[in-house]
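Summary of structural features
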2 protein chains.
Amino acid sequence: MRIAVDAFGGDNAPDEIVKGSVQAVLNLNCEIILVGDETILKNKLAQAGYSGSKITIQHASEVIDGEDAPVDAVRHKKDSSMMVALSLCKNGEADAVVSAGNTGAYFAGAFHVLGRIKGIRRPALTAFMPTVNNTKSVIMDVGANADCKPENLEQFAQMGSLYAEKILGIQNPKVYLVNIGTEEHKGNELSQKAHALMKENKNINFCGNIESRELTAGFADVIICDGFTGNIILKAIEGTASALFGLIKKSFMKTLATKISALMMKPHIKELKSMLDYSEYGGVPLLGIDGVVIKAHGSSDAKAFENAVRSAVVFSETGLNADLKALYAQQQDQDAAKM
Amino acid sequence: MRIAVDAFGGDNAPDEIVKGSVQAVLNLNCEIILVGDETILKNKLAQAGYSGSKITIQHASEVIDGEDAPVDAVRHKKDSSMMVALSLCKNGEADAVVSAGNTGAYFAGAFHVLGRIKGIRRPALTAFMPTVNNTKSVIMDVGANADCKPENLEQFAQMGSLYAEKILGIQNPKVYLVNIGTEEHKGNELSQKAHALMKENKNINFCGNIESRELTAGFADVIICDGFTGNIILKAIEGTASALFGLIKKSFMKTLATKISALMMKPHIKELKSMLDYSEYGGVPLLGIDGVVIKAHGSSDAKAFENAVRSAVVFSETGLNADLKALYAQQQDQDAAKM
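Residues numbered from 1 in each chain as written. Chains lettered and ligands numbered in written order. Predicted model: local features only at pLDDT ≥ 70, side-chain atom pairs only at ≥ 80, totals over all residues. Heavy atoms only, no water.

In the nomenclature of an unreviewed UniProt entry, chain A is known as Phosphate acyltransferase of Congzhengia minquanensis. Note on chain A: under the UniProt heading Function (unreviewed entry), the record states "Catalyzes the reversible formation of acyl-phosphate (acyl-PO(4)) from acyl-[acyl-carrier-protein] (acyl-ACP). This enzyme utilizes acyl-ACP as fatty acyl donor, but not acyl-CoA." UniProt, in the comment section headed Catalytic activity (unreviewed entry), describes chain A in these words: "a fatty acyl-[ACP] + phosphate = an acyl phosphate + holo-[ACP]". (UniProt positions renumbered as here; feature names shortened; annotations may be inferred.)

Looking now at the interface of chain A and chain B. Between chain A and chain B, the residue contacts involve 53 residues of the former and 53 residues of the latter. Of the roughly 4,800 Å² buried where chain A meets chain B, counting both sides, 68% is carbon and sulfur surface. Taken together, the connections running from chain A to chain B amount to four salt bridges. In this structure, the salt-bridge partner of E211(B) is K235(A), at a minimum N-O distance of 2.3 Å. Put simply, chain A and chain B have 14 residue pairs in polar contact (both at pLDDT 80 or more) between them. Looking at the side of chain A that touches chain B, the element that brings in the most residues is helix α8 (residues 227-252) of chain A, giving 19 residues. Looking at the side of chain A that touches chain B residue by residue, the class counts come to 25 nonpolar, 16 polar and 12 charged. (Contact = heavy atoms within 4.5 Å. Buried area = accessible area lost by both parts, 1.4 Å probe. Salt bridge = Lys/Arg side-chain N within 4 Å of Asp/Glu carboxyl O. Polar contact = N/O pair within 3.5 Å; in protein donor to acceptor, adjacent residues only side chain to side chain. Helix = DSSP H or I, 4+ residues; strand = E, 2+ residues; numbered from the N terminus. Nonpolar A, V, L, I, M, F, W, Y, C, P; charged D, E, K, R; others polar.)

Moving on, we get to a positive patch on the surface. All names here are of chain A. A grouping of K249, K266, K270 and K273 is seen on the molecular surface, where their side chains present a positively charged patch. Broken down by element, the positive patch gets its largest block of residues, three residues, from helix α9 (residues 256-275). As for its position among the elements, K273 is in helix α9. (Patch = residues over 30% accessible without salt bridge, like charges linked within 9 Å, V, L, I, M, F, W, Y side chains within 5 Å. Areas by Shrake-Rupley, 256 points an atom, 1.4 Å probe, with all protein chains shown as cover. Lys, Arg positive; Asp, Glu negative; His and termini not counted. Charge placed at Lys NZ, Arg CZ, Asp CG, Glu CD.)

Once that is clear, we can look at the side chain of N179(A). Structurally, N179(A) is set in the loop between β7 (174-178) and α7 (189-200). In this structure N179(A) comes out as buried when scored by relative accessible area, which is 1%. Every residue in contact with N179(A), bar those within four places of it in the chain, is listed here: K186(A), G187(A), N188(A), S191(A), N209(A), I210(A), E211(A), S212(A), F228(B) and I232(B). (Buried < 20%, exposed > 50% of the residue type's maximum accessible area, 1.4 Å probe, protein only.)

So, on to the relation of the copies chain A and chain B. Each copy superposes on the other: chain A lies on chain B with an RMSD of 0.0 Å after a rotation of 180 degrees and an axial shift of 0.0 Å. The transformation just described matches what one would write down for a two-fold rotation axis. In terms of C-alpha distance to the rotation axis, chain A has S261(A) as its closest residue, with the C-alpha 2.2 Å off the axis. Most of the interface of chain A is mirrored in chain B, where 100% of its interface residues are also at the interface. (Least-squares fit on C-alpha atoms with pLDDT ≥ 70 in both.)

Here you go:
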C-alpha cells in the first residue's frame with residue numbers, strides 16, 4: 001500500500017518525519033510519498049541515507065503550523081504539505097495519509113477533502129488510554145469536535161465499539177460515557193442526554209457512566225466523551241504522569257541511599273514510563289472520514305512516526321471503513337423502512 | 001465562632017465526622033453543632049471520649065446520600081442533617097457550615113437556604129490544585145455548575161482572584177482559562193467566548209489559556225473552567241496519581257534489590273503522596289453563597305474533616321464574603337451609572 005506522509009507536520013518535522021518514514025519502508029510492507037518542499041526533502045532523505053525506490057517525493061510549497069486556525073488553513077493553504085497529502089489520498093494516488101501536524105487543520109482538511117462516511121454526522125479523533133493492567137482502552141473524541149450533540153456521542157460509541165473489536169480484538173466491547181458521577185442523573189445537559197440515547201442503543205454494549213478517576217483502571221473498553229473533554233483528559237493524565245515522574249526523579253537524587261535505589265529501580269521505572277509513552281502507541285485514526293487518515297502525536301520522533309505509519313497499515317488491513325459503511329447503510333435502510 | 005457540621009454527610013459518616021469535630025474543638029478556636037440523629041450522635045461522642053461543652057447536638061431525622069438527586073433532596077429531605085445544618089447558618093445560630101456529603105445537594109441546598117451574594121449569578125465550588133513547586137493554585141468551578149455560560153466563567157475568575165489574594169496571600173494573582181490549546185481561537189464555544197470576556201475584564205490579571213497538561217506546573221494562581229471540566233480534571237489527576245503510585249509499589253516488590261530500594265525510598269514517596277493528599281488541604285468554599293459554606297472531601301477521615309473545619313474558621317476570619325459583596329455592589333453602581 002502507498003501512504004502519503006505530511007513531512008512538514010509536527011514539532012520535529014521534517015527531520016524525524018523523514019527518518020521515521022525511512023524506518024517504516026524498511027520495516028513495513030508499504031511505500032511512502034513524502035509531501036513537502038522537494039529540495040529540503042531530497043536533502044533530508046540523503047542525510048537519512050535512503051536511496052531506495054519505496055519513498056518518492058511530492059512537492060508542496062506551503063506549511064500549516066500549530067498557530068494556523070483550522071478553517072483558514074484549509075481555505076488558504078491549499079498547497080501545504082498536509083492538504084496535498086490529503087488530496088493524494090482523495091485522487092487514489094495514496095491509500096492512506098499520516099500527519100503529526102495541526103490536529104484541527106488536519107481534521108478540517110480531511111473533512112473537506114475526503115468527506116465523511118455516509119450516515120456519520122461527525123467524524124472523531126480516537127486515542128488509546130493506557131491502563132494499570134497494561135491493556136488498552138479506546139477513548140474518543142479527543143479533540144476533533146470541541147462542541148458535540150448527544151447524537152454525536154452516540155455515534156462515537158458505535159464507531160468506537162467497531163474500532164475496539166477490529167483493532168484491539170475485543171468481543172462485545174464495554175462502552176462507558178465520561179461523566180462527573182456514575183449515577184444516571186449526574187452530569188451536564190450533554191452527558192445526561194447522551195446517556196439516555198446510549199442506553200437505548202442496541203448496537204453497543206453500554207455499561208453506564210465512568211468518572212475520570214477510573215479511566216486508567218482498565219474495565220472500560222471504549223470511553224466516550226466530547227472532544228473538549230477528551231482532550232482535557234488526555235493532557236491531564238499526561239501532565240500528571242510527567243509531573244510525578246519528575247518529582248520521583250528528584251526524590252531519587254536526595255541522598256546516597258536514594259541514589260543507589262535509583263540504580264536498582266531504573267529498569268522498572270523505565271518500564272512504567274513506556275506504558276504511558278504515546279510514541280509506543282503509534283497513530284490514531286480520524287474515525288468516520290471516508291479514507292484512512294492517521295494522526296501521529298505532535299511531538300512524534302522517528303520511532304513514534306514509524307508506529308503511526310504502522311497504524312495506517314493495520315487500519316487499512318482490518319477494513320474498518322468498509323464495516324462502518326455497511327453499518328450505516330444498514331441503519332439508513334432500517335430508518336427508511338420505518339417511514 | 002460556631003460551626004454547624006453535617007454529621008451524616010460523606011463516606012465515613014458519622015464516625016470520622018464526629019472524631020474530626022472533636023479534634024477541631026480541641027485544636028481550633030470554635031464551637032461545633034453536630035447535626036443528625038441525636039441518639040447515634042450522643043453515642044458516637046461518648047465513644048470519641050468527648051464530654052465538653054464546645055460540641056452540642058442538633059437533631060435531624062433524615063440523611064441525604066450520594067444517590068439522591070440534588071433538587072429532590074433539597075425539596076423532600078428538609079429534616080436532613082445537611083439541610084438543618086444550612087438552616088442553622090441561615091437563622092444565625094451558626095456562623096458557618098461544613099459537610100462532606102453529596103456535593104450537588106449541598107450546593108443546591110446552600111443556594112436555596114442561604115442564597116447568593118447580590119450580583120453573583122452562579123456560585124462555584126473551588127479546589128486547590130497541587131503543583132510540582134509545592135505551591136497551591138485555586139481551580140474553580142470543580143463541580144457545582146455542570147453547564148456554564150461565558151459570563152459565569154468571568155465571574156468565577158473575579159471570585160477566584162479575590163480568594164487567591166485573601167486565602168493564599170497572592171498579590172495580583174495570575175488567572176488562566178482551561179482550554180484545549182493556548183491560542184486564542186482554540187476551544188469550544190464556551191471557552192472562546194469566556195476568553196474574550198476575561199481578556200477585557202480590568203479587575204483580573206488574565207494571562208490566557210492553559211492546557212490541562214500544565215495545570216500542576218505551578219505558574220497559574222487561579223484556574224478557571226466550567227464545573228463539568230473542573231470535576232473531570234480533579235478526578236483525572238487523582239486517578240492518574242493513584243494508578244502510578246500503585247504501579248510503583250508493584251515495581252518495588254519485584255526483586256530483593258527493589259525491595260531494599262523501597263525501604264530507602266519510603267519516606268520520600270510518602271512525602272510525594274502527601275503533596276497530592278486532599279485530606280491535607282481541608283475544605284473548599286462554595287464561593288458566591290451568602291454564608292460560609294465549606295465542602296469537605298467525600299472520603300474525609302477525621303483529620304481531613306478537622307482541616308475542613310479549619311478552612312471554615314480561616315474563611316470567616318478573612319472576611320472574603322464582605323469583600324465580594326463590596327466588589328459586586330460597586331460593579332452594580334458602575335452599571336447603573338452607565339445607564
